[in-house]
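Below are the chains, spelled out letter by letter.
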Amino acid sequence: MKSIFKNKLNLFLFFLLVINLIYIKNISYFKLEIIKNSFNKNWIPIYSIYRPEVIESKYLLNKHKISKFNVSQKIIGEKDLDFSSANTIKATDLYTYFRIVAYNYPIRLDSQSKYFLFFLNEKTSEKCKELDKGKYLKLLIC
Amino acid sequence: MLKKIKRVLKIEIFVSILVLLILLNYFIMFISYNEYVIKLIFSLYIFTILVFFVYKPLNFFHLKITLIILMIIVLGNPTYSWDAWTIWLFHAKRIFFEQSIIAQLDGYAMWTHNDYPVIAPTFAASLATLVGGWNNIFPKLAFLLMFFPPLILSIKIFNVRYHLLFLILTLFILNLYLINGLVDGLVAIYFSFSSYLVYDIFVNKQNSFYYLFITFCFFIILSLLKNEGIVMVTILLSIIIIINISKKEILQNYKKIFFLLFSLIPVLIWKINCINHNIKNDYINYDMLNILTDRIFDYNSFKLIFKFLILDTKFILSIIFILIAFNFTKNKKIFYFSLLVGMSYIFSLFMVYLMTPFDLTWQLSSSASRIIMSPVFLFSFFGLLQIYCMKEKISQKIFQMK
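Residues numbered from 1 in each chain as written. Chains lettered and ligands numbered in written order. Predicted model: local features only at pLDDT ≥ 70, side-chain atom pairs only at ≥ 80, totals over all residues. Heavy atoms only, no water.

> Quick question: what am I supposed to make of the overall build of chain B here?
The helix and strand inventory of chain B stands at 20 helices and zero strands. Relative to its length of 402 residues, chain B is compact, with a C-alpha radius of gyration of 21 Å against a globular reference of 21 Å. Counting over 402 residues, chain B shows a buried share of 60%. Carbon and sulfur atoms form 69% of the exposed surface of chain B, whose accessible area is close to 16300 Å². Looking at chain B, you have 33 positive and 17 negative side-chain charges, and the mean spots of the two groups are 18 Å apart. (Helix = DSSP H or I, 4+ residues; strand = E, 2+ residues; numbered from the N terminus. Rg over C-alpha atoms; globule rule 2.2 N^0.38 Å. Buried < 20%, exposed > 50% of the residue type's maximum accessible area, 1.4 Å probe, protein only. Areas by Shrake-Rupley, 256 points an atom, 1.4 Å probe, with all protein chains shown as cover. Lys, Arg positive; Asp, Glu negative; His and termini not counted. Charge placed at Lys NZ, Arg CZ, Asp CG, Glu CD.)

Here's what the structure looks like:
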């Protein structure tokens, strides 16, 4: 520590180092609320997930103690995407689908499951029975 | 002098213990998921770091303060990067919940690149095991903890002033990659330090058991971080063989080379596991040779790759830096070595991008800035090393004259 504070050039470099760290903190999405809850297992990651429907999906699945679920085609988005085409990639929004799968794990997505998540405004088959609904999604048994 | 040697040895021992614990954690999980053993290994890792923080003879105040601040920033940041939550933390989550290192090989969520090696997710899963639960934030801390061995090793390489410069460069180049849950920063730092160790052992003829051991461990970690790491280790091993053949020292160093070649075994085991579970790589999955032959004669593909990789601002800056450093120091050994390693890697990047089955513009725009970080860090590190070596030589001369 002495070698830094005794020498003016070292002190200047140390100052630059601190500036760099402050810069990293500023360009990141640092929040005190996150640090307070960083080890809280029940904390809902509202700053990590920017679509509320993803957070709601977990709430609905947990509420009904569902271990395997399915999602509507509208949530999945396009089927059999062609990633060799830039236009297709640009037009595709897979965030909701991917994030629902990743966030809800260990609750698994299973194409055989009878529990379906739909967007609230989606039309559903008459064979399906609504179990629950939230602000953005509804849970059905089909 | 004796005091200095002892200090150097202490650093090497610290680094050896840390890398050994990272690897032990991985191999133990590979054999079986024993919660108590995993907790013990991770606790030992944290204990070693704590000893480093409080141990007075290793008085690198600025490194310690940097690491503490980075840990606070990591814990205060959301997990928003696409690859962080779809690949690295998702794999860690799977390992943690399924209590198996090969959890991702069951084919679930294929879009998460299930073929990627898992040393970093395993370490994050171990932290979650120690904590006793999962959330989206703290497992990222494990990735930052994996930066510690090379960063601690760096205090052996530079003196205080140059170490401050090294840390400034590291923060400037890696910045958010130190905290955002991606492993590209780890790949960059392990690649540069592995290259440095290879240089010191085979060019500078540094003969230390710990050095060779650390190189071996760094190679294993690098190859198990990401697929790029496998290419990097292969390049470094090839360069070691080329150097030894050109200097006619292959017989003299064959034991060391043979030992280092063994570092590829863990990643080979992982890849065999992937093949056994029918998990394919994006590149090998498609008709890569046809794509390569189509693109290799297409001028526009080269232009595009050149634009994204070579015209990257940080890459240009690092090239200018190493050239200026060479101009002043004339240290051919370091310069040519770093150039050989860096250029080999950039050549392999060109080949990989020419083989991509995805749209080239999309692939480059989504990955080039991350991928080019490794050569940027490599050139900057070796540029700084050139200047430091020259300064050391001058001060040694002055000391001898006195």
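> I would appreciate a short explanation of the packing of aromatic side chains in the present structure.
A ring pair, where both rings are aromatic, is described by two values, the distance of the centres and the angle of the planes. The tally for this structure, following the rule as stated, stands at 54 aromatic pairs over all chains. Centre to centre, the rings of Phe 166 of chain B and Phe 381 of chain B are 6.0 Å apart; their planes meet at 75°, and the pair counts as edge-to-face. Taken as a pair, Phe 166 of chain B in helix α8 (residues 160–174) and Phe 381 of chain B in helix α20 (residues 373–401) lie far apart in primary sequence, 215 residues in all. Classification of Phe 381 of chain B by relative accessible area gives buried; the value is 2%. Across from the ring centre of Tyr 108 of chain B, 4.6 Å away, lies the NZ or CZ of Arg 108 of chain A, which sits over that ring. (Phe/Tyr/Trp six-rings, centres within 6.5 Å; stacked < 30°, edge-to-face > 60°. Lys NZ or Arg CZ within 6 Å of the ring centre and 35° of its normal.)

> What's the story with the side chain of Thr 215 of chain B in this structure? I'm lost.
Looking at where Thr 215 of chain B falls in the secondary structure, it is placed in helix α10 (residues 209–225). Residues in contact with Thr 215 of chain B, not counting those within four places in the same chain, are Leu 197, Val 198, Ile 201 and Leu 260 of chain B. (Contact = heavy atoms within 4.5 Å.)

> Please clarify how the side chain of His 163 of chain B should be interpreted in this entry.
Residue and element names in this part refer to chain B. Relative to the helices and strands, His 163 resides in helix α8. Accessibility expressed as a relative area gives 0% for His 163, which makes it buried. Residue contacts for His 163: discarding those within four places in its chain leaves Phe 60, His 62, Leu 63, Leu 151, Ser 154, Ile 155 and Phe 158.

> Help me understand the interface of chain A and chain B, please; the structure alone is not making it clear to me.
For an interface, size is often stated in terms of accessible area lost upon the parts coming together. Taken together, the contact between chain A and chain B spans 51 residues of the former and 51 residues of the latter. Between chain A and chain B, a total of about 4600 Å² is buried, with carbon and sulfur atoms accounting for 71% of that surface. For the pair chain A and chain B, the number of links is two salt bridges. Between Arg 108 of chain A and Glu 98 of chain B there is a salt bridge; the shortest N-O distance is 3.1 Å. Where chain A touches chain B, the interface holds 18 residue pairs in polar contact (both at pLDDT 80 or more). (Buried area = accessible area lost by both parts, 1.4 Å probe. Salt bridge = Lys/Arg side-chain N within 4 Å of Asp/Glu carboxyl O. Polar contact = N/O pair within 3.5 Å; in protein donor to acceptor, adjacent residues only side chain to side chain.)

> Mind showing me how you'd approach the state of the cysteines here?
Covalent bonding between the sulfur atoms of two cysteines is what defines a disulfide. Residue and element names in this part refer to chain A. In total, this model carries one disulfide over all chains according to the counting rule given. One disulfide in the model links Cys 128 with Cys 142; its S-S distance is 2.0 Å. An S-S torsion of about 115° defines the bridge between Cys 128 and Cys 142 as right-handed. Note that Cys 128 is positioned in the loop between β3 (115–119) and β4 (129–133) and Cys 142 in the segment after β5 (137–141), a separation of 14 residues in sequence. (Disulfide = S-S within 2.5 Å.)

> So what exactly am I meant to see when it comes to the sheet that holds β3 of chain A here?
Paired through backbone hydrogen bonds, the strands of a sheet run either parallel or antiparallel to each other. Residues and elements named next belong to chain A. The strand order β2-β1-β3-β5-β4 describes an open sheet built from five strands, whose pairing is mixed. Here the strands that pair on one side only, and so sit at the sheet edges, are β2 (108–109) and β4. In this sheet, β3 lies alongside strand β1 (residues 68–71) in parallel orientation, the contact comprising two bridges. Residue Asn 70 lies in a different strand from β3, and its bridge partner there is Phe 116. (Pairing = 2+ DSSP bridges.)

> Looking at this structure, how should I read a nonpolar patch on the surface?
All names here are of chain B. On the surface, Phe 172, Phe 306, Leu 311, Ile 316, Leu 317, Ile 320, Ile 324 and Phe 328 cluster together to form a nonpolar patch covering roughly 760 Å² of accessible area. The leading source of residues in the nonpolar patch is helix α17 (residues 313–329), at five residues. You can see Phe 306 is positioned in helix α16 (residues 299–310). Overall, the relative accessible area of 39% leaves Phe 306 in the partly exposed class. (Patch = residues over 30% accessible without salt bridge, like charges linked within 9 Å, V, L, I, M, F, W, Y side chains within 5 Å.)

> Explain a positive patch on the surface to me, please; I cannot follow it from the model alone.
All names here are of chain B. On the surface, a cluster of positive charge is contributed by Lys 247, Lys 333, Lys 393 and Lys 397. Locating Lys 247 in the fold gives a position in the loop between α11 (227–246) and α12 (250–261). Lys 247 gets classed as partly exposed once you look at its relative accessible area, which sits at 36%.

All quantities given are derived from atomic positions and should not be read as evidence of function.
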